[in-house]
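# Observations on the three-dimensional arrangement
Listed below, chain by chain, are the residues.
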Amino acid sequence: MMDRNAVAFDDQQMAEYDKNGYLIVRNLLSPDEVEALRSVVHDQAQWNSYPPSLKYPTPGKYTISGNKMAEPGLSSIAEHPTVIQAVEAALGEPAHLTAYVAYLRTPSDKGSGAHCDYKRWRPVGSSMNWVFAIIPLADFDEAYGQFLVSPGSHKLSRVIDENARIQDLAPIDKSEMAPFIDPGLKAGDLLVTSAYTWHEAPAGTTSDDRCGIFNKYCAVNAPPAAGYYPYNSEALGALSETGKRLIPVCFDEPITTTRLLIERASDGDAEFLLVRDTEKDRWELPGGEGGEEEDGVGWDVGARIGALQDLVKTQLDLDVPWMSYIEDAKREGGICRVYGFLDDDRMSDVLKNSDMGWFTKEQLRDLVGEDDYICQAVQTWQREDIIRGKGKAVRQRKAQFA
């Protein structure tokens, strides 16, 4: 346990985090700070929360998230120095804020069962190295509803091949999971947990609201496979100059298109697939216009894998089982979200069409120019310092580890 004035996390404290999958900073916020933040969350829940169909105080979980961080009184907690220090100590890397989330659960809400929040289809959960930063704004006890954790459960999630360019996890054996415990979180404490730590939140018995901050941060070298949440300039502007480094992507234009960089190995250099856009008279990545994965979900905006799978199936008759986020490029009419797929099995060898072709990186430079977004995507895709995971579509939830 660490106090709010701690300025460093020593080897013993980090060894405890590595062992248990979580660390706690007691009394991060004063009672006055807790009350001020709780009041803002309560007000937001009544008129500015997700899902829109849930009207306060109907029993349920109200979510204030994403760009709503720009609302007065909310942004400072995302860049709180001790929070960032704890998060980056746990990650072992500088951090990006992948999700700003405040939850308010009204009395009679049923709580949530045991789960792990690594999820391939979610922008907030598909990084290979991310953490929760949870700050209760009420005591998480039997009255309000505890937040239980299974110590050491994060170690059950194992990377199949750490040397693989695109990493993958093996399914866990739940029989190996340690019993859940109550870490005794009080209002104003900070709990930082690994993405792979299993937890649950039983329903409480009080007649008052249970609320807290549940922000998520990923390592800058481990982008979410489903893609980053797209923060806007208002959210970015709500942070200090120091805190702005936490925002990974920021744009006010909509994501209008999504495209796939398909790489296959060859006898020489790697090759990348382009299709001929006859209307615009240029070579282009497969894909096009595609919508969101889910409607009315405030914290998962930006996931376009399902739409891109459909586009690639239509254009190439190719079933792409997974893909991984590369970048967002400013294009005519909006933002193009680009994903990548490494075709190790050479399933794309069956493609035979005069309107498509395979090109090496050097050939791409000659074809579209090295400043073109395609060449920029290839450059980012091939970076050896980036840890990538396999992203899935929402409809592939049952294929989490397939």
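Structure shown above.
Our subject in this report is the structure included herewith. (Residues numbered from 1 in each chain as written. Predicted model: local features only at pLDDT ≥ 70, side-chain atom pairs only at ≥ 80, totals over all residues. Heavy atoms only, no water.)

### Some thoughts on the packing of aromatic side chains
Scanning the model with the defined rule gives 12 aromatic pairs in all. Judged by centre distance (5.7 Å) and plane angle (65°), the ring pair of Tyr56 and Tyr62 falls under edge-to-face. Look at Tyr56 and you get partly exposed, because its relative accessible area is 25%. A residue is classified by how much of its surface remains accessible, and Tyr62, at 0% relative accessible area, is buried. Between Phe147 and Phe214, the aromatic rings sit 6.3 Å apart at their centres with planes inclined by 50°, giving tilted as the arrangement. With Phe147 in the loop between β6 (130-136) and β7 (148-149) and Phe214 in strand β13 (residues 210-219), the pair connects residues that are 67 residues apart, well separated along the chain. Take Phe214: its relative accessible area is 6%, and that puts it in the buried class. Counting every residue linked through ring pairs, the aromatic cluster contains Tyr103, Trp130, Phe132, Phe140, Phe147 and Phe214. The ring of Phe140 carries the charged tip of Arg210 above its face, separated from the ring centre by 3.7 Å. Over the ring of Trp358 we find Arg264, and its NZ or CZ is 4.0 Å from the ring centre. (Phe/Tyr/Trp six-rings, centres within 6.5 Å; stacked < 30°, edge-to-face > 60°. Buried < 20%, exposed > 50% of the residue type's maximum accessible area, 1.4 Å probe, protein only. Helix = DSSP H or I, 4+ residues; strand = E, 2+ residues; numbered from the N terminus. Lys NZ or Arg CZ within 6 Å of the ring centre and 35° of its normal.)

### A look at the environment of Arg122
Looking at the element boundaries, Arg122 is found in the loop between β5 (111-115) and β6. The spatial distance from the C-alpha of Arg122 to the C-alpha of Asp173 is 23 Å, given a sequence separation of 51 residues.

### Thoughts on the pairing of strand β3 (residues 95-99)
Counting buried positions along β3 yields five of five residues, so the element is predominantly enclosed. Pairing geometry for β3 and β13, over four bridges, is antiparallel. Counterpart to His96 in the pairing with β13 is Cys218. (Pairing = 2+ DSSP bridges.)

### Side note on the pattern of salt bridges
Throughout the structure, instances matching the rule amount to 26 salt bridges. A salt bridge links Arg264 to Glu271, with the nearest nitrogen and oxygen atoms 3.0 Å apart. The residue Arg276 makes a salt bridge to Asp281 at a minimum N-O spacing of 2.4 Å. Residue Asp281 is classed as exposed on the basis of its relative accessible area of 58%. A network of salt bridges, in which partner residues are shared, links Arg259, Arg282, Glu284, Arg331 and Asp372. (Salt bridge = Lys/Arg side-chain N within 4 Å of Asp/Glu carboxyl O.)

### Section: the packing of helix α6 (residues 361-368) against helix α7 (residues 373-381)
Remark: α6 packs on α7, axes separated minimally by 9 Å, with the N-to-C direction vectors making an angle of 160°. Of the possible angle classes, the one that applies to α6 and α7 is roughly antiparallel. Remark: the crossing between α6 and α7 carries left-handed chirality. Between α6 and α7, the contacting residues are Lys361, Leu364, Arg365 and Val368 on the first element and Ile374, Cys375, Val378 and Gln379 on the second. Class assignment of the residues belonging to the contact of α6 with α7 gives a composition of five nonpolar, one polar and two charged. (Axes fitted to C-alpha atoms, helices over the stretch in contact; angles between N-to-C directions. Parallel < 35°, antiparallel > 145°, perpendicular 65-115°, else oblique. Left-handed = near helix turned anticlockwise from the far one by under 90°. Contact = heavy atoms within 4.5 Å. Nonpolar A, V, L, I, M, F, W, Y, C, P; charged D, E, K, R; others polar.)

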